[in-house]
Amino acid sequence: MAESTLIWQTIAPGIWRLKAGRPSTLSPASVMNRPPKTAALQSMGEAEFPFDAADVKIERVGGRIVVALPLGSEESLYGLGLQLLKLNHRGRTRYLRVNSDPKQDTGETHAPVPFYVSSGGYGVYADTSRIVTLCCGSSVRSDSGLSGNAKDRNRDSSWKATPVSDRVEMTVADEGLDIYVFAGPTPLDAVRRYNLYFGGGALPPRWGLGFWHRVPKSYSADEVRAEAAAFRERGIPCDVIGLEPGWHTRSYPVTYEWNRELFPDPEQFVRDLEKDGFKINLWEHPYVSPDAAIYEALQPFSGSHTVWHGLAPDYTLPEAQAIYREQHEREHVKIGVSGYKLDECDGSELTRNSWMFPAHASFPSGCDGEQLRQLYGLLLQKMTDDLYRSHNRRTYGLVRASAGAASSLPYVLYSDLYDHRDYVRALCNSGFSGLLWTPEVRKARSSEDWVRRMQTVCFSPLAMLNAWADGTKPWSFPEVEPIVARYIRLRMQLLPYLYSTFANYWAEGVPPVRAMALEAGVLVREQAGSGRFDSDEFAYGGAADKEWDDQFMFGDSLLVAPLFEGETERIVYLPQGLWYAFDTGERFEGGRTIRVQPGLEKIPVFVKDGAVIPMMAVMDHAPRAGEKIDLELHHYGTSPGKFRLFDDDGETFAYESGEYRWRTAEVTVDAEGRKSGSVSGTEAGWSSAYGEFTWVFH
Ligand code: GAL
C-alpha cells in the first residue's frame, strides 16, 4: 500500500483515525457506538500529531496487514488491556487473544485491548474484532539502519536478547482495521482522550462502590438472608449480595430461570433484601441450556458449535439480543435485580480445559469464532448496560472479558488466577486501557494473607469477597476480624471521595485507579522517533530501575502501597512534592523512595499535599437517592487545595441530561498559614445529596 494512500482524518481535537485497508464493520468501536464526549475533548484543546506521520507504513504480507509506527529508543509502552504480568511492554511481542487462563506473559488476557500508551505522551489504538499481534519494539527490519548496533554475545556483556528496535509493528489477519492516534501531551492526556472519545468513563451507582459479598454456589434464599443478616449484626457494611451458580434451574449451560426450590419467591426475596439495603447481583454466562425457555428461539441465531452442549448465541444480531433482553428484563430487571456477573465469556480454544467454541466456529451474522470470542464480553456488557439504561437505573457488575472502546461500561473485570501481586499489577494496568478491575478476595493461606488482600480490595473499583467456592466471610479469620471490618468501614467512609472520582472518569476521562506512570511528572517526556529526552531526569525521579507495579493512585490524591503476605516492610515511591500518611498525617518529602513498616493492621496510604478528601460516616449500606449525607472534609498539608464534589441522585441517568452539580470544596491558606475551607453552594430548589460540611485540617 503506497504511503500516499494513508489519510489521517482528524476526528476530534488531538485524535486522528486512519483506515488501513478495508476495515470490517464489526469492531469494538462499532459494537459500543457511543457518542464521544465532545465538549470535554474540546476543552482539552488541539494538539499536534505526536510523531511524523510519514513514518507510519502499512503493508500486506500474506493474509496479514502490517502497520509499522515509529518508536524512540527510550520510550516505554504501557497498556494493552488487563495485563497481569507486565507493566512496560517495550521489547516484547504481545499476542492479544482473549484468554480465561492467562498464566504466561504473552499478552493474552481476559481483556486484550490493542491500545498502547507511550511514555512519550501519546496513544495508539487498533480497532478490530480480530487478534492483534504487537511487536512493541521487538522487531527490527533489515532496512532500518540499526545493523550498526550488532554485538557479539561471546565478547560483549551488554549484548541483549531483544535487540534495539525503532518501531512498533501491529499485525492482524484481516482485510483492514482502523488505527486511532491520541495526542498527549502527557500519557494521562492520551488515556483521557481515548476514554472521552469512546464515551467517557463509567459512573457506577453509589451502592456499587460499597462492599460486595458473593455467597457460595447453590445457596438457598434462606441461607442468603441469614448471611445478609450476619453482616448487619456485626456492623460490617455490605451493599451487594451476589448469587453464584445454582440460583437458576441449570447453570452449565445456563437457563437464566430461577430455581424455585431454592428461591420459591424471587420477587419477594429481592424486595426483602432491598428493604434491608442489599442489592442482588446474578451470576450467569452466555451458553444457553437446552432446558431454557429461550433455547428454541435463540437456536437460529446461534453458532455452529456449542459450549457445554449449550448454544453460543450470536449477539451481534439484534434478533438474538432481543430474545435475551426480553427474558432478562421480565425475570430479573423488573423484579429489582441490580445487575450481573457475566462469567465465562473469555475462553480461547487453548485454555486448560478446552471448553470454548473454536476460532473456526461460524455464526449466522457471518462472523467467526475468533471474532465472537474477542467481542463476547463487550457484547454482553453493552446489552445489559443498555437494558438498565432503558429503565433509567444504573447498574454495576462484573465481567470476565472485555475489549477496546469499553470505558463507558459499568463493569469490573476479575479472574480465577489468584496471585496478590499480579492482582495489584492489574490494578495499575487497567487504567491505561479504559478498564476496571477488582482484586477480589476468595480465600487465604493465613490470616496475614487475608488481611493484606482485604486491605487491597478496599482500595479498588469494586471491593468484594467472592465466597462462591470457599464459603468465606469477612469474619472467617476471627483474630483479624477487627482489622478487616475497619477497612470495609473505611471503604464506606471514602465513598464520597470515590464516587466523585468516578464522576471525573465520566466527565473528564481520568481513570479512577491508575499506575504511577500516569502521574504528572513521573515519566519524562520523550519525542517519539527522536531517541532523546528533553530533560535530564530519569523516569521516576531516579528510581527508574523499578517499574512500580506494586503501588497505585486511588483517585487524584491517594497513593496506595499494599503489602503482601510475608512482608513486614516495603519501599514506596513518592512522586515530587509533599505527602502525608493518611491516618497519622506524618509528613514525607516526595521525589524519592521511602521505607515503611506499617504492621499488619495498616496498608500504607499517602495523601498529596493540599488534597481535600471528603468522607462520610459509616453506614450499613450506601445512601439511597434523596438521602442526604453529612461530610467531613479532610485537608492535608500546607498548600491550598480543591476537590470537586459530584452532587446528583447517585442512581439514575438524570446526570446525563444535566441533573448534577459540581460543588467545589476549597481550602485557602493565608500569609500566617491559617487554613479556611468552604464549599460552593447550589441554587435554591436543588436537592443536594449533601447536608452539613465539617472541615478537619491535618
Ligand atoms: C468461575 C468464576 C468464579 C465463579 C465460578 C462459578 O468461572 O470465575 O468467580 O463464579 O465460575 O462456577
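Each chain carries its own residue numbering, running from 1 in the direction its sequence is written. Side-chain atom pairs in this predicted model are given and counted only at pLDDT of 80 or more, local residue features only at pLDDT of at least 70, and totals for whole chains, interfaces and linings cover all residues. The basis for every side-chain value is the complete set of heavy atoms in the structure, and neither hydrogens nor water enter the calculation.

**Notes on helix α10 (residues 447–457)**
Of all eleven residues in α10, ten are buried; the element is thus mostly enclosed. Throughout this description, buried means an accessible area under 20% of the type-specific maximum (1.4 Å probe, protein chains only), exposed means over 50%, and partly exposed covers the range between. Runs of H or I in DSSP of at least four residues are treated as helices and runs of E of at least two as strands, each being numbered from the N terminus. The complete set of buried residues in α10 reads S447, D449, W450, V451, R452, R453, M454, Q455, T456 and V457. Two residues form a contact once any of their heavy atoms are found within 4.5 Å. Contacts made by the buried residues of α10 are with β12 (211–214), α9 (420–430), β18 (463–466) and α11 (481–493).

**Side note on the UniProt feature "domain: Glycoside hydrolase family 31 N-terminal" (unreviewed entry) in the chain**
UniProt positions are given in the numbering used here, feature names are shortened, and annotations may be inferred rather than shown by experiment. Sequence positions flagged by UniProt for "domain: Glycoside hydrolase family 31 N-terminal" (unreviewed entry) are, in local numbering, residues 64–130. The span residues 64–130 shows a helical share of 0% and a strand share of 45%, and its end C-alpha atoms are spaced 11 Å apart.

**Structural notes on the site of the ligand**
Around the ligand there are 13 residues in total, and E244, Y252, K341, R400 and D416 lie nearest to it. E244 has a polar side-chain atom sitting 2.4 Å from an oxygen atom of the ligand. Here a polar contact means two N or O atoms within 3.5 Å. Within protein one must be a hydrogen donor candidate and the other an acceptor candidate, and residues neighboring in sequence count only if both atoms are side-chain atoms. Between an oxygen atom of the ligand and a side-chain N or O atom of W283, the distance comes to 3.1 Å. If the ligand stood free it would expose 310 Å²; the protein chains cover 95% of that surface. Split into classes, the residues belonging to the shell around the ligand amount to five nonpolar, one polar and seven charged. Residues are counted as near a molecule or strand when any one of their heavy atoms sits within 4 Å of it. For the area figures, the Shrake-Rupley method with a 1.4 Å probe applies, and any residue is considered shielded solely by the protein chains shown. Each residue receives one of three labels: charged for Asp, Glu, Lys and Arg, nonpolar for Ala, Val, Leu, Ile, Met, Phe, Trp, Tyr, Cys and Pro, and polar for the others, Gly being one of them.

**Considering the sheet that holds strand β7 (residues 112–118)**
Between any two strands, at least two bridges found by DSSP are needed for them to pair. With antiparallel pairing, six strands are arranged side by side in an open sheet as β1-β2-β11-β8-β7-β5. On the outer flanks of this sheet lie β1 (8–12) and β5 (77–81), each paired with one strand and no other. Taken over all neighbouring pairs, the strand axes of this sheet differ in orientation by 25° on average, direction set aside. In terms of strand pairing, β7 meets strand β8 (residues 122–127) through four bridges, oriented antiparallel. Pairing of F115 across the sheet is with Y125, part of β8. Docked against the sheet, helix α3 (residues 187–197) engages β1, β2 (15–21), β7, β8 and β11 (176–183), running at close to 130° with respect to β11. Only the stretch in contact is used when fitting a helix axis, every axis being a line fitted to C-alpha atoms; angles between N-to-C directions are given from 0 to 180 degrees.

**Remarks on the nonpolar core**
Working definition of a nonpolar core: buried Ala, Val, Leu, Ile, Met, Phe, Trp, Tyr and Cys residues. They are joined through side-chain atoms within 4.5 Å. The biggest cluster of nonpolar side chains holds 182 residues, and the ones touching the most others in it are F182, L243, F357, Y376 and F459. Domain delimitation in this document rests on an assignment produced automatically or drawn from a domain database. Taken together, domain 1 (8–197) and domain 2 (612–697) each give at least three residues to this core, which thus spans both. The residues contacting F182, other than those within four sequence positions of it, are G14, I15, F115, Y122, G123, Y125, A190, R193, Y194, Y197 and F198. Counting residues in hydrophobic clusters, the runner-up holds 29 residues, among them L6, W16, V56 and V172.

**Looking at the side chain of D239**
Relative to the elements of secondary structure, D239 occurs in the loop between α4 (221–234) and β13 (240–243). Engagement of the side chain of D239 in a polar contact is seen with the backbone nitrogen of A622, the distance being 3.0 Å.

**Let's talk about the sheet that holds strand β6 (residues 92–96)**
Ordered in space as β3-β4-β10-β9-β6, the five strands form an open sheet in which the pairing is antiparallel. Edge positions in the open sheet fall to β3 (57–61) and β6, since each of these has one partner strand only. On average, adjacent strands in this sheet sit at an angle of 15° to one another, irrespective of strand direction. In terms of strand pairing, strand β9 (residues 132–136) meets strand β10 (residues 167–172) through five bridges, oriented antiparallel. Bridging across to β10, C135 finds its partner in E169.

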